[in-house]
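# What the coordinates show
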Amino acid sequence: QVQLVESGGDLVQVGGSLRLSCVASGNILRVNRMGWYRQGPGNKRDLVALINNDGSTNYGGSMKGRFTVSRDNVKNTVYLQMTNLRPEDSAVYFCHANLLAVETITPRNYWGQGTQVTVSS
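The model shown is predicted, which means the values in this text are computed figures rather than measured ones.

## What about the side chain of Asn 32?
Looking at where Asn 32 falls in the secondary structure, it is placed in strand β4 (residues 28-39). The exposure class assigned to Asn 32 is buried, which follows from its relative accessible area of 18%. For Asn 32, the residues in contact, after removing those within four places along its chain, are Ile 51, Asn 52, Asn 53, Arg 71, Asn 98, Leu 99 and Pro 107.

Have a look at this one:
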């Protein structure tokens, strides 16, 4: 059974920094991409950042330049370094992975439970 477990969410002041981590575990054969989405109260889930097997990245609108996604392929772990945080960055941050597991025939999307980030002014 594949699981994604996030950590690192916290309460931080405006302009502060946080680092989120997400570990994928289970009978994993290949991880295609990993990354982060976020969802604020009353909002839909939006892309924050994704990183592919080749190291290429995609960032959501206002995150590029402030957020950096990275990955440890050996540990099946993805990180999100967030700097210069703003109140509008407050949300639940969800880890995402597209991966192939032993029990599946084709790659599937998996989600973590989410970790809360709150930026106070």
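Alright, that's what it looks like, and here's the rest.
## Details of the state of the cysteines
Enumeration according to the criterion identifies one disulfide in this entry. Each sulfur in the disulfide pair Cys 22 and Cys 95 lies 2.0 Å from the other. Here the S-S torsion is close to -85°, and the disulfide linking Cys 22 with Cys 95 is therefore left-handed. With Cys 22 in strand β3 (residues 18-25) and Cys 95 in strand β9 (residues 91-101), this residue pair connects regions lying 73 residues apart in the sequence. You can call Cys 22 buried: its relative accessible area is 0%.

## As for the pattern of salt bridges
Within this structure, the stated rule accounts for three salt bridges. A salt bridge links Asp 46 to Lys 44; the shortest N-O distance between them is 2.5 Å.

About the thresholds
- Residues numbered from 1 in each chain as written.
- Predicted model: local features only at pLDDT ≥ 70, side-chain atom pairs only at ≥ 80, totals over all residues.
- Heavy atoms only, no water.
- Helix = DSSP H or I, 4+ residues; strand = E, 2+ residues; numbered from the N terminus.
- Buried < 20%, exposed > 50% of the residue type's maximum accessible area, 1.4 Å probe, protein only.
- Contact = heavy atoms within 4.5 Å.
- Disulfide = S-S within 2.5 Å.
- Salt bridge = Lys/Arg side-chain N within 4 Å of Asp/Glu carboxyl O.

Geometric values such as these leave the question of function open.
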